[in-house]
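Tertiary structure, described
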Amino acid sequence: MDATRASRWYPIGRALALIYAAGWFVGTWIFTLVSFAIISPQPPDATDRVAHYAYERAVYPQFYAAVVSLTLAMLCLIGIGLVLRHALAPDGPYQQLMTAAFAAAGLFGSLWLFLTLGLLQAVVNVSQDASSQTLQVLTDASALIESPANWLQRAFLLLAGLGTYWASGLALEQRSFPKAWALLGFVLAALYWLGLLSLLARDAALPVILLSGGIVAPIWGAWLGLRLPRTV
């Protein structure tokens, strides 16, 4: 791929990287503020099913905005992989593996969030004035949806970590991006994988997600967008 053709990807990559950074930042911080009841009411006792679904309806606008923001970030990751493949030329096996990992991560991450969004909408539409029996059915159905969604989330974390790791290694080897950006990528990859492991211990998951999605991933994406060449 010659430099002139590669340069055509840079404006696209800059836009995708900045949207990716903004999506992660906005989505993660909305989830965090809701979790700490800063922009939402206090969550009720989990055993009170009626109060629980009333709370879900109350925080639906915040969760909807957060999920849409994160979905945009996931979809941008597919394009970012293609842009980095050209920015980290010449093409080779690691460039192709990186591109495939980012594309798969964006796909699995989007599917995870689409399922989450569909579940949120079902809760809002069905739980209003529902009987106890209907709420029990909704709870059982939600558990069936959450199980595959959780595995899609794990697949995203694994593949996003691999793509970021390979991108950072190539950037460090070719010196096509600042060394600090490549090192930040290694940190982000480690956080992705730590998030994957922390899902086995739910109490540790929120701090890892906040650090990776709310701080490191936005910085990594914004830095990438600002450092892509404007001209050849």
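Before reading on, note that the structure itself is shown above.
Residues numbered from 1 in each chain as written. Predicted model: local features only at pLDDT ≥ 70, side-chain atom pairs only at ≥ 80, totals over all residues. Heavy atoms only, no water.

Topic: the overall build of the protein
Helix and strand counts for the protein come out as 8 helices and 0 strands. Secondary structure elements in the protein, listed N-terminal to C-terminal, are α-α-α-α-α-α-α-α. Computed over its C-alpha atoms, the radius of gyration of the protein comes to 19 Å, within 12% of the 17 Å expected for a compact globule of 232 residues. Projected onto its principal axes, the C-alpha positions of the protein cover 65 × 30 × 30 Å. When the 232 residues of the protein are sorted by exposure, 45% land in the buried category. Counting contacts in the protein only where the partners sit at least 6 residues apart, residues at least 24 apart contribute 79% of the total. Only carbon and sulfur atoms are counted for the fraction: they give 67% of the accessible area of the protein, which is about 11500 Å². Placing the 12 positive and 10 negative side-chain charges of the protein at their respective mean positions leaves the two points 18 Å apart. (Helix = DSSP H or I, 4+ residues; strand = E, 2+ residues; numbered from the N terminus. Rg over C-alpha atoms; globule rule 2.2 N^0.38 Å. Buried < 20%, exposed > 50% of the residue type's maximum accessible area, 1.4 Å probe, protein only. Contact = heavy atoms within 4.5 Å. Areas by Shrake-Rupley, 256 points an atom, 1.4 Å probe, with all protein chains shown as cover. Lys, Arg positive; Asp, Glu negative; His and termini not counted. Charge placed at Lys NZ, Arg CZ, Asp CG, Glu CD.)

As for the nonpolar core
Ranked by size, the top nonpolar core spans 54 residues in total, and within it Tyr20, Leu84, Phe156 and Trp220 carry the most contacts. Of all the secondary structure elements, the ones that give two or more residues to this core are helix H2 (9–35), helix H4 (60–87), helix H5 (93–127), helix H6 (132–174), helix H7 (179–198) and helix H8 (205–227). Counting residues per element, this core draws most heavily on H4, which supplies 13 residues. Phe156 has contacts with Trp24, Met74, Leu77, Ala105, Phe108, Gly109, Trp112 and Tyr192, leaving out every residue within four places of it along the chain. Counting 5 residues, the second-largest nonpolar core is a separate cluster that includes Tyr53, Val123, Leu135 and Leu138. (Core = buried A, V, L, I, M, F, W, Y, C linked by side-chain atoms within 4.5 Å.)

What to know about unusual backbone geometry
One non-glycine residue, Ala37, lies in positive phi territory at about 55 degrees. Mapped onto the elements, Ala37 comes out in the loop between H2 and helix H3 (49–58).

Re the side chain of Glu56
For Glu56, the location among the structural elements is in helix H3. The residues contacting Glu56, other than those within four sequence positions of it, are Phe63, Leu120 and Val123.

A word on H3
Residues of H3 that are buried include every one of Tyr53, Tyr55 and Glu56, and no others. Projection of H3 onto a plane perpendicular to its axis shows the buried side chains occupying an angular sector of 150 degrees, all on one side. On its buried side, H3 packs onto H2, H4, H5 and H6. (Arc of directions from axis to C-beta.)

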